Amino acid sequence: MSGSLGRRLRLGGVELHKYTVRNFASTIRKQNLPLQPNSVAKETQDVNSMDQLLTAVRMKADPAYNTVLPLRVPELWAESILHDSHKAPSTQAVEEAQATTDPLTPRNMHDSYCEVVLPFSSSPKLLEKYTNVRGGIRTGKLMEHLDSLAGSISYKHMLGPRVDSLGKIEDRGFYIVTASADRLDVLSPLNPSCDLRLSGQVIYTGSSSMEVAVKMETIGSGGEDETVMLGRFSMVCRDAVTHRARNVHPLIISTPEEQALHTMGEDMKKRRQSQALRSLSRVPPSSTEAEFLHSFFLKHGENNRSDQRVWMGDTKVEKTMLMFPQERNIHQKIFGGYLMRLAYEASLGFSNASLFMRGGHVRFLSLDGIAFAQPVPIGSILRLTSHVLHSTSSEEFPLIVHVGVTANVVDVQTGNEITTNEFRFTWCRDDPVSAVPQRKIVPRTYKEAMLWLEGKRALERGDEIRGLRTKHS
């Protein structure tokens, strides 16, 4: 096994890599993407600036229209079944949808602003619903809210700031789905004694996509509001009949702050495209990565009998669930935010990190990315599988782990599975170094080796981002 893995890595990292990178570089140049961008420093600068810019644009929004739109279907599930809302559209309906061209009136950036306040300081009953076992706040539930917030913001951009309900998507003619969550960073610890404000707005639009920035702040603590979390979502608009891409309203850029946010949104989209092209599912690892992995495997692989070595395959945690209609969204699929909470909480991401770290205080650092490849149907069997993909340490934290969670819809008749979502999280132990076991995740197969390298990239990127923030704070 070890010899085969080593030979394949050397082949992918040297001979194949030289050929692939030439074509890869050509592809990037054709798409006007930077070959080796200083993306970490730029992204950190963007996040640090985004916080203040979002506040400046928020001040222009009319408080009367800041409410979040309900993203639940207005009819009961039993009525939905009777109406057979999922039947295939007729040829006439498709032709009518294609012929309909609503005017795309430009929108102000602040028109899409939405906010929701969780009054933890004044509502012990509400706080109880969000409290975790250590007395802190359940981050998974907050992630679920952020995804719903991003959806509400996107619908408000499409429908205008005065809209107070969505109605049926058949009447609206379109629906909006979450394509990806680029990153969600914890900037400071959550304080359960303070109220939380979740807010955001559209900061960039493509032809059928929207970049949405969201943030979470502690408010009403007697001092200044403090931002504790920032996130970025990519939303896509689809036609309700044909399910093809549908154009979205462009943005009006009227202030320097809006122009800065718009540029950041455009950079976010380009950065995501660039990172997708560099994914190890598309191109081989670099020769440096292959050499590092080969040396690591020789040191910690088959010939190492240390108790600190943990095979990646042995960290597998799995959960299979039936998807109920109570968690459906406006277009009769399972809420993306609910899936985020399941991946984080439901015996998977957090639990896997805790099992690997063997107790202690486990702290959430970042959501490093989510891909929404396919919708999850109501009534489907969903299999969630989690692995610890990489482990390391830093000057600040004695143990850091990168956890991947894959969501697959299972066909009960054939047993075939389709991947619908990929989640990536980072956790750490912040106990004294002497109390933390220095366990090493070791890949055993070529596929695991590529996941290990992807995890290594994510942890290095996160460590650099946190270091740059600390330096400039």
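From a predicted model like this one, the values you see are computed outputs, not experimental measurements. (Residues numbered from 1 in each chain as written. Predicted model: local features only at pLDDT ≥ 70, side-chain atom pairs only at ≥ 80, totals over all residues. Heavy atoms only, no water.)

**Quick look at empty space enclosed by the protein**
The condition is simple: In the cavity and pocket records, a cavity denotes points on a 1 Å grid over the protein atoms alone where a 1.4 Å probe fits but cannot get out, a pocket denotes an open set with protein on both sides within 12 Å along at least 5 of 7 lines, and lining residues are residues with an atom within 4 Å of a point. Grid points are joined across faces, edges and corners, and a volume is the space filled by probe spheres set on the points. Runs of H or I in DSSP of at least four residues are treated as helices and runs of E of at least two as strands, each being numbered from the N terminus.
Tallied over the full model, the rule gives 1 cavity of 30 Å³ or more. In this structure, the largest cavity occupies an estimated 40 Å³ of space. Lining the largest cavity, in full, are L54, R58, Y113, S199, G200, Q201 and K215. Those elements that place two or more of their residues in the lining of the largest cavity are α2 (39–58) and β4 (195–205).

**What about the nonpolar core?**
Applied cut-off: Among buried residues, those of type Ala, Val, Leu, Ile, Met, Phe, Trp, Tyr and Cys that are joined through side-chain atoms within 4.5 Å constitute a nonpolar core. Each residue gets one of three labels from its accessible area relative to the maximum for its type: buried under 20%, exposed over 50%, partly exposed in between, using a 1.4 Å probe on protein chains only.
If you look at the biggest cluster of nonpolar residues, it comprises 99 residues, and the most contacted ones within it are F425 and W427. It is helix α6 (residues 139–159) that provides the largest number of residues to this core, a total of 8 residues. Core analysis: the next-biggest nonpolar cluster, separate from the first, contains 5 residues, L365, I400, C428 and L459 among them.

**Notes on the confidence of the model for the protein chain**
Which entries qualify depends on this criterion: Each residue carries a pLDDT score, the predictor's confidence in it, ranging from 0 to 100. Residues are treated as being in contact if the distance between any of their heavy atoms lies within 4.5 Å.
Chain-level statistics for the protein chain give a pLDDT mean of 82 and a share of 81% at 70 or above. Looking at the elements of the protein chain, mean pLDDT is at its lowest for helix α1 (residues 2–30), recorded as 37, and at its highest for strand β7 (residues 251–252), recorded as 96. When the criterion is pLDDT under 50, residues 1–37 qualifies, and its contacts beyond four places in sequence or with other chains add up to 54 contacts. Within the model, pLDDT remains below 50 along residues 93–100, and this stretch shows 9 contacts once partners closer than five positions in the same chain are excluded.

**Notes on the pairing of β4**
Keep this limit in mind: Any two strands with at least two DSSP bridges between them are considered paired.
Counting buried residues in β4 gives 11 out of 11 residues, a clear majority hidden from the surface. As defined by bridge partners, strand β2 (residues 114–118) adjoins β4 across 5 bridges and the pair is classed as antiparallel. By the bridge assignment, L118 is partnered in β4 with L196. In terms of strand pairing, β4 meets strand β5 (residues 209–219) through 10 bridges, oriented antiparallel. Bridge pairing in β5 links L198 to M216. The hairpin turn running from β4 into β5, its antiparallel successor, is 3 residues long.

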